[in-house]
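Chain residues, written in single-letter form:
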Amino acid sequence: MSRKINIAIDGHSSCGKGTLAKNLAKELEYMFIDSGAMYRAVTLYLMQNDISLEEVQANPGVLLDIEISFRLDPMRGFYNTHLNGENVEREIRGMAVSSQVSQVSAVKEIREFLVDKQKRMGENKGVVMDGRDIGTVVFPDAELKIFMTAEPMVRAKRRYDELTEKGIPANLEEIYNNIRYRDEYDSSRDVSPLIQAPDAIVLNNTEMSREEQARIAVTWAKGVIMAG
Ligand code: DC
């Protein structure tokens, strides 16, 4: 049997990291982990329980009540994010969570809490994880690191289509502004800003189909697996 590796996929919001990561995981029979969904689930938990970021900073122990898991929806063939046992996939993708998640993910105590969980998920290898700091902080030793980017308007249209397909109400201009804001915020925050790992390969997919991207990434992954 061939050796297993970890694959880190980082990049800007809504540039198809999740789709690529899912396709890679399926092809290689690896586990896919959406780290952004974990920041979104924490955001939802804090909103639901009316806990401020100042309270989390003063008492990070409140985070220990949060349990996040990914469970397969056998009917639809994809994983739903569960927060303390409840399927929150739909809620975490809506605008209410999207407009708060950047501030939440900039809090050091929250990052430490989630990064620790994420590192443990990759201990046995065979993981494809997408996010902002996977190649730099979570899996600095990942055997393959991909940094994805695409034009902001192309990304906004993709996110719009994704939401409307799921029946979630969406507004293109609002999404575009949110993407620009998050690009700026994620790249300039003090804690774990979005930066390209020096050993990451850049994939600009502005003009690429999902299939093309998947084909390229699978070739890269198989090359690394065989070279080891
Ligand atoms: O990938 P996404 O849009 O679902 O991520 C939601 C937010 O979480 C986004 O504003 C950036 C943040 N995030 C992060 O800071 N670190 C990660 N590893 C993943 C996401």
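Here the structure is shown first, and the text comes after it.
Residues numbered from 1 in each chain as written. Predicted model: local features only at pLDDT ≥ 70, side-chain atom pairs only at ≥ 80, totals over all residues. Heavy atoms only, no water.

Q: Which residues make up the pattern of salt bridges, and what values go with them?
A: According to the stated counting rule, one finds 12 salt bridges in the structure shown. One salt bridge in this structure joins Asp186 and Arg132, with 3.4 Å as the shortest N-O distance. Remark: Arg132 occurs in the loop between strand S6 (127-131) and helix H8 (134-138) and Asp186 occurs in helix H10 (residues 172-188); sequence separation between them is 54 residues. For the pair Asp186 and Arg132, one class covers both residues: buried. Residue Arg159 is joined to Glu162 by a salt bridge in which the shortest nitrogen-to-oxygen separation is 3.9 Å. In this pair, Arg159 and Glu162 are both assigned in helix H9 (residues 152-165), three residues apart and thus about one turn of the helix distant. (Salt bridge = Lys/Arg side-chain N within 4 Å of Asp/Glu carboxyl O. Helix = DSSP H or I, 4+ residues; strand = E, 2+ residues; numbered from the N terminus. Buried < 20%, exposed > 50% of the residue type's maximum accessible area, 1.4 Å probe, protein only.)

Q: Can you tell me about the side chain of Lys145, naming the residues and giving the values?
A: Relative to the helices and strands, Lys145 is located in strand S7 (residues 144-149). Within polar-contact distance, the side chain of Lys145 engages the backbone oxygen of Gly135 at 2.9 Å. The contact partners of Lys145, leaving out residues within four places of it in the chain, are Ala8, Gly135, Phe139, Pro140, Ala197, Asp199, Ala200 and Ile201. (Polar contact = N/O pair within 3.5 Å; in protein donor to acceptor, adjacent residues only side chain to side chain. Contact = heavy atoms within 4.5 Å.)

Q: Tell me about the sheet that holds strand S2 (residues 31-34), and name the residues and values.
A: Pairing between the strands of a sheet is mediated by backbone hydrogen bonds and can be parallel or antiparallel. If you trace the five strands from one edge of the open sheet to the other, you get S2-S6-S1-S7-S8, paired in parallel fashion. A single partner strand is all that each edge strand has here, and the edge strands are S2 and strand S8 (201-204). Strand-to-strand twist in this sheet, taken as the mean axis angle between neighbours without regard to direction, amounts to 20°. Alignment of S7 against S8, held across four bridges, turns out to be parallel. The residue of S8 that forms the bridge with Thr149 is Asn204. Across the sheet, helix H2 (residues 35-48) lies against S2 and S6, angled at about 40° from S2, the strand it touches most. (Pairing = 2+ DSSP bridges. Axes fitted to C-alpha atoms, helices over the stretch in contact; angles between N-to-C directions.)

Q: An account of the nonpolar core is requested, with residue identities and associated values reported.
A: Generally speaking, nonpolar side chains in soluble globular proteins are found buried as a group. Counting 32 residues, the largest nonpolar core has Val42, Leu46, Ile66, Ile110 and Leu114 as its most contacted members. Among the elements of the structure, H2, helix H6 (101-105), helix H7 (108-121), S6 and H8 are those that each provide at least two residues to this core. Here this core gets eight residues from one element, more than from any other, and that element is H2. Setting aside its immediate chain neighbours within four residues, Val42 contacts Leu63, Ile66, Ile68, Val104, Ile110 and Leu114. Judged by nonpolar contacts, the second largest core, of 21 residues, contains Phe32, Val128, Leu144 and Met148. (Core = buried A, V, L, I, M, F, W, Y, C linked by side-chain atoms within 4.5 Å.)

Q: Kindly report on the packing of aromatic side chains, identifying the contributing residues and their values.
A: One pass over the full model with this rule turns up one aromatic pair. Relative to Tyr185, the ring of Tyr181 has its centre 5.6 Å away and its plane inclined at 40°; by these criteria the two rings are tilted. Note that Tyr181 and Tyr185 are positioned in helix H10 at a spacing of four residues, about one turn of the helix. A relative accessible area of 25% means that Tyr185 is categorised as partly exposed. (Phe/Tyr/Trp six-rings, centres within 6.5 Å; stacked < 30°, edge-to-face > 60°.)

Q: Quick one: what's the story with the packing of H2 against H7, residue by residue and with numbers?
A: Running from N to C, H2 and H7 point in directions that differ by 140°, and their axes come no closer than 11 Å. Comparing the axis directions of H2 and H7 gives the class oblique. Crossing angle aside, the handedness with which H2 passes H7 is right-handed. For the pair H2 and H7, the contacting residues are Ser35, Met38, Tyr39, Val42 and Leu46 in the first and Ile110, Arg111, Leu114, Val115, Lys117, Gln118 and Met121 in the second. (Parallel < 35°, antiparallel > 145°, perpendicular 65-115°, else oblique. Left-handed = near helix turned anticlockwise from the far one by under 90°.)

Interpretation note: all reported values are geometric properties and have no functional meaning in isolation.
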